[in-house]
Amino acid sequence: QVQLVESGGGLVQAGESLRLSCAASGSIFSINGMAWYRQAPGKQRAWVAGISTGGSTNYADSVKGRFTISRDNAKNTVSLQMNSLKPEDTAVYYCAASLNDGHGYWGQGTQVTVSS
């Protein structure tokens, strides 16, 4: 199993920045990719950004140019730098890991609220 713990959420004003962090533990050698998702009230959970074991990244169009996903292999962490935040970015943000056996794991989520 893999355990994921997010941190760094909070309340900010539009235009400001936040940095989220996700710490992974357990069978981390089985992870083949990590990602960030978010879920706003009344909406389905949506993919935000992903990073492969090789460091390749990709982003949803809604955050491209504003968010940056990165990883620190030595510390088994993945981060999401969120700049120029908008009220529509308000959501619970979840860290996710995909394993080589096809299973996936979620963190507990961290709340990000952006006021106008």
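In what follows, the structure referred to is the one given above.
Every value quoted in this text rests on a predicted model; they were computed, and no experiment measured them.

Asks: How should I be thinking about the environment of D89 in this particular structure?
Replies: Along the chain, the position of D89 falls in the loop between β8 (77–82) and β9 (91–99). The exposure class of D89 is buried, given its relative accessible area of 1%. D89 sits 51 residues away from R38 along the chain, and the two C-alpha atoms are 8.6 Å apart. Setting aside residues up to four positions removed in sequence, D89 forms contacts with R38, R66, F67, S84, V112 and V114. Of note is the side chain of D89, whose polar atom sits 2.9 Å from the side chain of R38. Within polar-contact distance, the side chain of D89 engages the backbone nitrogen of K86 at 2.8 Å.

Asks: What is the right way to read the pairing of strand β11 (residues 110–115) from this model?
Replies: If a strand is regular, its side chains alternate between the two faces of the sheet. Taking every second residue as pointing to the same face, the buried face of β11 carries T110, V112 and V114, while none of Q111, T113 and S115 on the other face is buried. With four bridges joining them, strand β2 (residues 10–13) and β11 adopt parallel strand pairing. Residue G10 lies in a different strand from β11, and its bridge partner there is V112.

Asks: When you look at the nonpolar core in this model, what are you seeing that I'm missing?
Replies: One broad rule of soluble globular proteins: the nonpolar side chains tend to lie buried together. Counting residues in each nonpolar core, the largest one holds 31 residues, and the members touching the most others are L4, M34, W36, L80, M82 and Y93. For this core, the elements supplying multiple residues, two or more each, are β1 (2–7), β3 (18–26), β4 (31–39), β5 (46–52), β7 (67–72), β8, β9 and β11. No other element matches β9, which puts five residues into this core.

So, how was this worked out
Residues numbered from 1 in each chain as written. Predicted model: local features only at pLDDT ≥ 70, side-chain atom pairs only at ≥ 80, totals over all residues. Heavy atoms only, no water. Helix = DSSP H or I, 4+ residues; strand = E, 2+ residues; numbered from the N terminus. Buried < 20%, exposed > 50% of the residue type's maximum accessible area, 1.4 Å probe, protein only. Contact = heavy atoms within 4.5 Å. Polar contact = N/O pair within 3.5 Å; in protein donor to acceptor, adjacent residues only side chain to side chain. Pairing = 2+ DSSP bridges. Core = buried A, V, L, I, M, F, W, Y, C linked by side-chain atoms within 4.5 Å.

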